Amino acid sequence: MRTVKLASGGAMPVLGLGTWHMGENARAQAAEIAALRRGLDLGLTLIDTAEMYGDGGAEEIVGKAIEGRRHAVYLVSKVYPHNASRQGTVAACERSLKRLGTDVIDLYLLHWRGRYPLEETVVAFEGLKQAGKIRDWGVSNFDVADMQQLAAVPAGSACASNQVLYHLGERGIEFQLLGDMAEAGIVTMAYSPLGQGPILGEPTLVAVARKHGVTPAAIALAYVIERPGVVAIPKASTLAHVDANAKALDVRLDDQDRADLDRAFPPPKRASPLAML
Ligand code: NAP
C-alpha cells in the first residue's frame, strides 16, 4: 500500500474509504459493511468517518466492518464544531471510540471551524493524544487564513492533516492552500474526490480512462493522489465501485493525460475562498 508520511512519524494510506450517508438505513447495513471490507481487502486501508454521519450510525458500521482487523486499518473520525470545547471534545471522542469498538483513533479532526477558540480544541486534542486515545489530530474545511491562525496557537503546529474538498472539477486549493500545507508537512485529505459523481461522464476524462483500461473514477482518483502529500477518500457502497476505485493505485498518468485533463478541468487562475460541502 502506498502511504504518505506524517510529521509525527506515522504513515497514512494514500487511498481510503469515505462513509458519509452510511449508517442511515438499516437495510443498507450489510452492503455497506461488505463494501468497506472489500476496500480493506484491496488495500484501501484508511476509513474516514465522523460523529455527524448517520448521527453516529456510520461509526457503528465502521466498528462492525473493522471487527477483528483493527490493526490493519488507519481510522479517521471527526468532532462536530459544536462539541469542540475542551471537555466536549474529549466526551465526543469517548463516544466515537465506543461506537467504533476501538480504544484509539489514528486521526481525529475538527469537522469545520465553529464558535470555540482553536486554542481550546487543540488543548483537548493534545490531551487525547497524551492519553493514547488518538494518535494524531487535524482539521477539516480550513482555508489559508484558518491554517495560519491555527499555526499561531500553542501546539497548533502539531496539526497532522487538513481534510478539504478537492477533485478534478474543484481545483481551487491548488492556488495556495495545497502548497502551504505541503511546505508545513501537513497532509491534504481530498474529500469528495469523485466530485460526488457528475464529473465522471466528462468526455476527456472518459477518453483518458479508456486509454488506461480503467474507469473515469480511477483516473479522477489517480489524478489527486499522484500529488505529494495528498490522500483521497472516495465513498463507494457497491463492490463494483470499490473495485473500480482500487484500480487508481495502479494508474500512472503521463504528461499527455495531465495536459488533456488540464484543458478539460482548468486549474485556478486566482485566489478564491475554499469551496466546501
Ligand atoms: P465522492 O466520494 O466524491 O462520491 C461518492 C459518490 O460516487 C457516491 O454516489 C458513490 O456511489 C459514487 N461512486 C463511488 N465510486 C464510484 C465509481 N467507481 N464509479 C462511479 N460512481 C462511484 O463523495 P463524498 O462521499 O461526498 O466524499 C467522500 C468522503 O469524504 C465522504 O464519504 C466522507 O467520508 C468525506 N467527506 C468529508 C467532508 C468534510 O466536510 N470533511 C465533506 C464531504 C465528504 P455508491 O455509494 O453507490 O457507490
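Being a predicted model, the structure only gives us computed values, none of them experimental.

J.: I'd like a description of the overall build of the protein, backed by residues and values.
T.: When helices and strands are tallied, the protein shows ten helices and ten strands. For a compact globule of 277 residues, the expected C-alpha radius of gyration is about 19 Å, and the protein comes in at 18 Å, within 12% of that figure. Counting only C-alpha atoms, the protein reaches 50 × 45 × 30 Å along its principal axes. Looking at the protein as a whole, 53% of its 277 residues qualify as buried. Within the protein, counting contacts between residues at least 6 apart in sequence, those at least 24 apart form 77% of the total. Accessible surface computed for the protein: about 12,000 Å², of which carbon and sulfur atoms make up 52%.

J.: Can you lay out the pairing of strand β7 (residues 134–140) for me, pointing to particular residues and giving the numbers?
T.: Two faces, one strand: in a regular strand the side chains alternate between the faces of the sheet. Among the seven residues in β7, six count as buried, and that is most of the element. Examined bridge by bridge, strand β6 (residues 105–110) and β7 share five bridges and lie parallel to one another. Looking across to β7, one finds that Leu107 is bridged to Asp136. Note that the unit made of β6, helix α4 (residues 118–130) and β7 has a crossover that is right-handed. Assessed by its sense of winding, the connection that carries the chain from β7 through helix α5 (residues 144–152) to strand β8 (residues 161–165) is right-handed.

J.: Quick one: what's the story with the sheet that holds β6, residue by residue and with numbers?
T.: Sheet architecture is open: eight strands sit in the order β3-β4-β5-β6-β7-β8-β9-β10, paired in parallel fashion. Only two strands of the sheet have a single neighbouring strand rather than two, namely β3 (16–17) and β10 (230–232).

J.: Break down helix α9 (residues 239–246) for me, citing the residues and quoting the values.
T.: Among the residues of α9, those classed as buried are Val242, Ala244, Asn245 and Ala246. In this fold, the buried residues of α9 make contact with α1 (29–41) and α8 (216–225).

J.: Any chance you could break down the side chain of Asp136 for me, citing the residues and the numbers?
T.: Relative to the helices and strands, Asp136 is located in strand β7. Of the side chains bearing the opposite charge, Lys129 lies closest to the buried Asp136, which forms no salt bridge; the N-O distance is 4.6 Å. At a separation of 2.8 Å, a polar atom in the side chain of Asp136 contacts the side chain of Ser8. Residues in contact with Asp136, not counting those within four places in the same chain, are Leu6, Ser8, Asp106, Leu107, Tyr108, Lys129 and Ala160.

J.: Give me the packing of helix α7 (residues 203–212) against helix α10 (residues 255–264): which residues, what numbers.
T.: Between α7 and α10, whose axes approach to 9 Å, the crossing angle comes to 160°. Comparing the axis directions of α7 and α10 gives the class roughly antiparallel. Handedness of the crossing formed by α7 with α10: left-handed. On α10, the residues that touch Thr204, Leu205, Val208, Lys211 and His212 of α7 are Asp257, Asp260, Leu261 and Ala264. Per-class residue counts for the contact of α7 with α10 are four nonpolar, two polar and three charged.

J.: Describe in detail the side chain of Asp106, supporting the description with residues and values.
T.: Tracing the chain through its elements places Asp106 in strand β6. Using a relative accessible area of 6% as the deciding quantity, one classes Asp106 as buried. Among the polar contacts made by the side chain of Asp106, one reaches the side chain of Arg70 at a distance of 2.8 Å. A distance of 2.6 Å separates polar atoms of two side chains, one belonging to Asp106 and the other to Arg135. Beyond its immediate sequence surroundings of up to four residues, Asp106 is in contact with Arg70, Val73, Tyr74, Leu75, Arg135 and Asp136.

Calculation rules
Residues numbered from 1 in each chain as written. Predicted model: local features only at pLDDT ≥ 70, side-chain atom pairs only at ≥ 80, totals over all residues. Heavy atoms only, no water. Helix = DSSP H or I, 4+ residues; strand = E, 2+ residues; numbered from the N terminus. Rg over C-alpha atoms; globule rule 2.2 N^0.38 Å. Buried < 20%, exposed > 50% of the residue type's maximum accessible area, 1.4 Å probe, protein only. Contact = heavy atoms within 4.5 Å. Areas by Shrake-Rupley, 256 points an atom, 1.4 Å probe, with all protein chains shown as cover. Pairing = 2+ DSSP bridges. Right-handed = clockwise from strand over helix to strand, strands pointing away. Lys, Arg positive; Asp, Glu negative; His and termini not counted. Salt bridge = Lys/Arg side-chain N within 4 Å of Asp/Glu carboxyl O. Polar contact = N/O pair within 3.5 Å; in protein donor to acceptor, adjacent residues only side chain to side chain. Axes fitted to C-alpha atoms, helices over the stretch in contact; angles between N-to-C directions. Parallel < 35°, antiparallel > 145°, perpendicular 65-115°, else oblique. Left-handed = near helix turned anticlockwise from the far one by under 90°. Nonpolar A, V, L, I, M, F, W, Y, C, P; charged D, E, K, R; others polar.

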